[in-house]
Structures are given as structure tokens and as C-alpha cells.
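Structure at a glance
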Amino acid sequence: MIAAAASVVGLLVVGGGVVRSDYMTRQDVVREQPVPFSHQHHVAGLGLDCRYCHTSVEESATAGFPPTHTCMTCHSQIWTDAPLLEPVRKSLATGTPLRWTWVNKLPQFVYFNHSIHVAKGVGCVTCHGRVDTMPLMRRAQPLLMQWCLDCHRNPAPNLRPREAVFDMTWTPPADAEAFGKTLVERYHIDVGNLTHCYICHR
Amino acid sequence: MADERSVNPQAPTETLPLQPYGSVSDQIAMIPLHYPLRRRWLIGLAASALFTLLLVVAIGYLFYAGVGIWGINSPVFWGLAIANYVWWIGLGNAGTLISALLLLLSQQWRNSLNRFAEAMTLFAVFCAAMFPIIHLGRPWFFYWLLPYPNVMALWPQFRSPLVWDVFANVIYLLVSIIFFYIGLIPDLATVRDKARGRLGQVFFGVLSLGWRGSAAHWQRWRRTYRICAALAVPLVVSVHSGVAMLFSVGQLAGWQTTIFPPYFVMGAMFSGFGVVAMIAVVLRHTFRLDSLVTTRHLDLLAKVLLASGLITSYGYIMDAFTAWYSGDPFERSTLIDRFTGAYAWSYWSAVILNFVVLQGLWFEAVRRNPVLLFLIGASVTTGMWFERYMLVVTTLYHDFLPSSWGWYVATFWDWSLLAGTIGLFFFLFFLFVRFLPMISMFEVKEVLREERVEARNARSQ
């Protein structure tokens, strides 16, 4: 009887651990990409703005992957012979887009919208982590529903001024909590509304 | 029942005819050890296995293709699956009632019936438990109904009867299994001791958990058994009230009425006793157990059947009365629609099969006639299925707006689930009569013992 109870509890603990593990969530797992693109180099090293490549982040649901032409604005001039960039040149020549592996992919039944998050002052770093320190791209957060809800139930600690949304190094002022609350006010965030099912599932 | 004796001393008053204790064990324990009707058993098992296979195919195809293979569509989103569910879980009610409630009330006559009634309950609840899961759009997420700390940071909606139903059902199934098994232990030990083959000795030896029949064993067993019985009785009420609430909490005409919980519990008991009566008749005939399941047992079963049937018919009348008395046009139109609408056949089938046929049980000759009792039991069981069908479909197919009226026609896959679960029920029951003592030997002997003492006292006076 005790053994049975212990094995049930053990199963639940192990099962609960597995679904939360990086193995299941793919958090911090570097994904294979056609070209080993370095955000660290392009963001921290060269100082590109997020929106230079992810052009639609402010007005549409998806942030958008850059077309090959965006890469070629520079790489038609520099590193034109680099073997690592061969897939990019091939893509341009044949007119077939690069097939990047989507790192922060949400299930289809989640109607996630980038533009509203940007407009309400959720920084890129909040969900995607310090991409300026990532030589290769990985998921910075588990993307579990409980992670979404943590913020939807209490968004204030994760807000920043709109101007700082694309800032990789912004830190909140000393009284972070009160500051977050003023932002909730300023951006008219209806917190009670954020946990309705239809906010994310239609 | 007690004063029947003083009124008519000539009547066959004993529950059981006097017989040696050994003959009880011989009659019952020998069935699993030296099964008498192997050929017929095999044919029956094979036939029911065929239907069980149909169930497997139906569920497999359902999981592959989704609930679109059923006849359900807007506005009838509950079809045969829910009707079957309510029907099965209702049939399961009688076993616990006979075993637990009558045990606590010291109704000794239950001792010849409780074992197979409990088995019937278990198998019926098992069939019932499938439907809530398979009728989900994504059945592999059935565990979302349970409250557990999940990565979605969500709990089930505790205000919903759907969640209450999950609790009521799971607990009912668990307690039924435990109660059934505890009641079996002393008998399993008897079969173990009588077994000659090594296989039988090991099989029944393991199952009987080292039972030696010492006074300490009996004392603990009795305490456990009665505690389980006391736990099981309220569950009989909660499980079917929960089912009723699935309907009556919804704000739909024909469903939203306060009489539903007691009406459902009584209907469940009614249909369950119908099945128990049928099984009793078949088993006593097949295995010649007339001296253990006597005509007095049949008589008592018939009386309970009659009583619960009359209360259920009261439910029908009050349901109709409330609909009329409410003055609500939607309630009234649903009521009239049940009498005369497209699905009136299901309403009148329920009324005729449940209540018209039942009136035969006012006569003792009918109550004590196995064939007639069997037929009435079958009629009630079928009638209650029609009632479930009527309740589910007639409310849904006429929604509030005529623009959202629709039809429900069950498809082949709907029917194959019903046929399949019936097949599974028989399959499990065939295994049960073959491998386990189908009547509680030691409890029958208790009754015999009491009757002997009484007989001796009567002689010495």
C-alpha cells in the first residue's frame, strides 16, 4: 500500500519534473540553423536595431524574419566570399528563402501578437532574453502557459517605457514596483481583462 | 417483511431452504474450479468478445477521425454518448445499493444477491466511465479534468458540475472496486482451499491475501467491510445527483428543474434493479442455484423494482407538472414537444416500457415467476435507455430560436459504441462467473446459521 502510494507520488513528481524540464520546453537549447547567425555580433558588436531585421514587430502579430535582401544590404559588400554565407548567396541566386528554424514558436491555438506587447511596454529582453549576448539563438524562457499567465496576472514588474522596449540593457529605477504600476496606468492596461480565455485563445 | 411470518405461518418464509453448509460451498466454489458449462461459456465469451472488438474499433476510429463520425452537430452536441453514459452509470447504482445499504440495514436476503450485483455495478461503471472521456474533442487530454499543479497554471472550473461529476465518478469506481474485493476475500480463500490444481491454488491464494479465517481476521474484515459500506451509500446518491446536475445546471428548457437529482437517483436504482433481477433469474436457472436464489429473492427484488419504478414515475409527473406550472413558454413547448414532437417515440417508449409493463408486479404470481420478472426487468432496462435518449435529445434539438433547431440521427458509430459497451459488459461478466465465486458463500452461510438457530428454537418450544 505504502509502496503503491510512493510510486504514484514518485510518478507524479518525475512526470511533473519532465514537463517542466528544458528537455520538454526547449529552453536554452541552441537550435541548428542554415547559417550560424550571431545576434551577439550583429546587435552588441555592430549595434543593429532589432527592427532592422524584424521589421513588422511594431504593427503585426509576428515580428517577421528578414528576407535575404536584408542580409545582402551588407553582405553584398563584406564577407562576400565567406563559405559560411554560401546558403545566403544561394538563396539570393535561386530566389528561395532561407529556412530558419523557428526558436520561439508558439502553438497555433495561441493568438500571440507582438505589436500589442511592444505598444504596452514589454521589452524584447523580457521574453527573448539578452540576445546581444547570444552567439547562437536559443529560447530564453520556457514559453509554458503558466509563464504567460505569470505576467498576464501581474504585468507591472515586466513593463518598461515604450522608448526602452528595444533597449537591451535597460534596468528599472530603484522603486521598480511603483514604476511598473505607473506604466500600467499610463498605457491603460486593463489587468483583470488579461486573464480571460479569449485574450489568447479564440 | 418481518411480520409476514406471523400473518401467514404456512408461507415459505425462510429466505433459504435449510441445507448443509457444505452444500453451499460445493454449489458455488465448484463453479470456478470445475466450470460446468464450458461449451456454452466459450460460445458466450466469444460472442461478447466480438462486440468488445467492435468497441475497440469504434473507439480507435473515433480517436483517429474525431467526434464528427457521430450524429452530433449543432444544436445537438450531446447524443448517444451521453445517453449511454447516464444509462450505464444508472445501471451501476443498484449493486452498491444492494450491497452497502441493505448490509447496513441488516437485510439478510441481500446475501444471495450482493456478489453478482456488485460485479454488475463494477462492469457497468467501467462501461460508463469510458463515455465522458471518449466524447471529449481531444480525449488524450482527459486528465485536464483533474485538479493538479500543471504548467498551464490553471485549475478546473470548480463551479461546474462537469468537475463534480469527475470526482463523483472516480470515487465511486474506486470505492466499488475496493468494496467488491474486500467482500470477495473470505470466499477467495474458500476456493483456494478447495482448489486441487496448482494454478488455481496460486491464483486464488494470491488473491485471498493470506486469509485464514481467524477471529482476528473476521473482526477486522467486518469492520472494514462496514466502513466501506458506509462510505459507499452516500456515493450512490452523489454519483447520480452529479449526473443529474450536468443537465439541470444548464439553463435549458426541459433540463433546468430541481427534481432532477432525486429523479435521476431513483431512475438509476430502478434500472439497476431491473438488471439485477434479470441477472438473478439467468444465473439461478443456468447454474441451478434455486436453493440459494429463491423465489422469495425474486419477490423481494420485484418489490424494490416496483417501488423505485413508482417513485421514478412520480418524477415524470412532477417534471411535467413543473414545466406546466412554471408558465414558461419554452418549458411548456419542450414538454409538449416531448409528447407529440419528432422524438415523441422515445418519450412514449420510456413511459410504456418503464411504467405500464411494471404494473404487473403488483401481483405475487408475476413477482415469483422468473420468466415474467426477467421480461419486466428487460423492459425497464430498455425503457430507461429511451428515457436517457429522450432527455438528451428533446431538449437540445429545439433550441430557443427556431433558426437554431436541428436534428439528431445516430450514426453507425454511435450505435456501435452502445453495442460495444454491452459486449464489453457481457465479456467481463462471463469472466466473472467463470473465475470468481458469483454468490457470497460465507454470507449465505450466515443466513443459514440464523435460520437453523431459529428452527431449533421453534422445535424446542
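Reading the values: the criteria
Residues numbered from 1 in each chain as written. Chains lettered and ligands numbered in written order. Predicted model: local features only at pLDDT ≥ 70, side-chain atom pairs only at ≥ 80, totals over all residues. Helix = DSSP H or I, 4+ residues; strand = E, 2+ residues; numbered from the N terminus. Buried ≥ 20, exposed ≤ 12 C-beta atoms within 10 Å, placed from the backbone. Contact = placed C-beta atoms within 7 Å. Nonpolar A, V, L, I, M, F, W, Y, C, P; charged D, E, K, R; others polar. Core = buried A, V, L, I, M, F, W, Y, C linked by C-beta atoms within 7 Å. Expected span 1.5 Å × (residues − 1). Bend = angle between axes of the 7 residues up to and from the residue. pLDDT = per-residue confidence, 0-100. Axes fitted to C-alpha atoms, helices over the stretch in contact; angles between N-to-C directions. Parallel < 35°, antiparallel > 145°, perpendicular 65-115°, else oblique. Left-handed = near helix turned anticlockwise from the far one by under 90°.

1. Comments concerning the overall build of chain A
A tally of regular secondary structure across chain A gives 11 helices and zero strands. Of the regular secondary structure in chain A, the N- to C-terminal order runs α-α-α-α-α-α-α-α-α-α-α. Its C-alpha atoms put chain A at 70 × 50 × 35 Å along the principal axes. For chain A, the proportion of its 202 residues judged to be buried stands at 11%. For chain A, the share of sequence-separated contacts (at least 6 apart) that also reach a separation of at least 24 residues comes to 72%.

2. What to know about the interface of chain B and chain A
Counting residues at the interface gives four residues for chain B, matched by seven residues for chain A. Looking at side-chain class alone, the side of chain B that touches chain A contains four nonpolar, no polar and no charged residues.

3. Regarding the environment of B:Ile72
On the secondary structure map, B:Ile72 appears in the loop between α3 (38-65) and α4 (80-104). Take B:Ile72: there are 23 C-beta atoms within 10 Å of it, and that puts it in the buried class.

4. Observations concerning the environment of B:Trp324
Residues and elements named next belong to chain B. The residue Trp324 is located in helix α10 (residues 295-326) in this model. In this structure Trp324 comes out as exposed when scored by C-beta crowding, with 12 C-beta atoms within 10 Å. Linking Trp324 and Ile336, residues 12 residues apart in sequence, is a C-alpha distance of 9.5 Å. Leaving out residues up to four positions away in the same chain, Trp324 has contacts with Arg332 and Leu335.

5. A look at the nonpolar core
If you look at the biggest cluster of nonpolar residues, it comprises 122 residues, and the most contacted ones within it are B:Val276, B:Ala277, B:Ala280 and B:Leu301. Not counting residues within four places of it along the chain, the set of residues in contact with B:Ala277 comprises B:Leu301, B:Ala302, B:Leu305, B:Leu373 and B:Gly377. Residues A:Val118, A:Val122, A:Leu159 and A:Val165 belong to the second largest nonpolar core, which totals seven residues.

6. Quick notes on helix α8 (residues 215-248) of chain B
For α8(B), built from 34 residues, the straight-helix expectation of 50 Å at 1.5 Å per residue is met to within 8% by its first-to-last C-alpha distance of 49 Å. The sharpest bend along α8(B) comes to roughly 25 degrees, located at B:Leu235.

7. As for unusual backbone geometry
Between B:Ser74 and the following residue, B:Pro75, the backbone shows a cis peptide bond with an omega angle of 0 degrees. Checked against the element boundaries, B:Pro75 lands in the loop between α3 and α4. Unusually for a residue other than glycine, A:Trp79 sits at a positive phi of about 55 degrees. If you trace the backbone, A:Trp79 turns up in the loop between α5 (68-75) and α6 (86-94). Phi is positive for B:Arg288, close to 50 degrees, though the residue is something other than glycine.

8. Quick look at the confidence of the model for chain A
The pLDDT averaged across chain A works out to 93; a share of 100% of its residues lies at or above 70. For chain A, the element scoring lowest by mean pLDDT is helix α1 (residues 2-20) of chain A, at 89; helix α7 (residues 114-119) of chain A scores highest, at 96.

9. Description of the packing of helix α12 (residues 344-356) of chain B against helix α14 (residues 370-397) of chain B
Residues and elements named next belong to chain B. The contact between α12 and α14 brings their axes to 8 Å, and the two run at 150 degrees. Taken together, α12 and α14 sit at an angle that is classed as roughly antiparallel. Pair α12 / α14 crosses with left-handed handedness. Within the contact between the two elements, α12 uses Ser346, Tyr347, Ser349, Ala350, Leu353 and Asn354 and α14 uses Ser379, Val380, Thr382, Gly383, Met384, Phe386, Glu387, Tyr389, Met390 and Val393. Classifying every residue of the contact of α12 with α14 gives nine nonpolar, six polar and one charged.

10. Some words on the packing of α4(B) against helix α9 (residues 260-286) of chain B
Two measures define how a pair of helices packs: the angle their axes make with one another and the distance between the axes. Residue and element names in this part refer to chain B. Between α4 and α9, the least distance of the axes is 6 Å, while the angle of their chain directions is 80 degrees. Taken together, the axes of α4 and α9 are roughly perpendicular relative to one another. Where α4 abuts α9, its residues Gly90, Leu91, Gly92, Asn93, Ala94, Gly95, Leu97 and Ile98 lie against Gly267, Ala268, Met269, Ser271, Gly272, Phe273, Val275 and Val276.

11. Points about the confidence of the model for chain B
All names here are of chain B. On average, residues of chain B score 88 in pLDDT, and 97% of them are at 70 or above. Below a pLDDT of 50 lies the segment residues 1-12, which in the model reaches four contacts outside its immediate sequence neighbourhood of four places, other chains included. For this predicted complex, the interface score ipTM comes out at 0.77, while the overall pTM is 0.85.

12. Considering α3(B)
Residue and element names in this part refer to chain B. Along its 28 residues, α3 runs 40 Å from first to last C-alpha, staying within 8% of the 40 Å computed at 1.5 Å per residue. Restricting attention to buried positions, one finds in α3 the residues Ser48, Thr52, Leu55, Ala58 and Leu62. Its buried side turned inward, α3 meets α5 (114-134) and α15 (412-435). After α3 finishes, the residue Gly66 shows a positive phi value of roughly 95 degrees.

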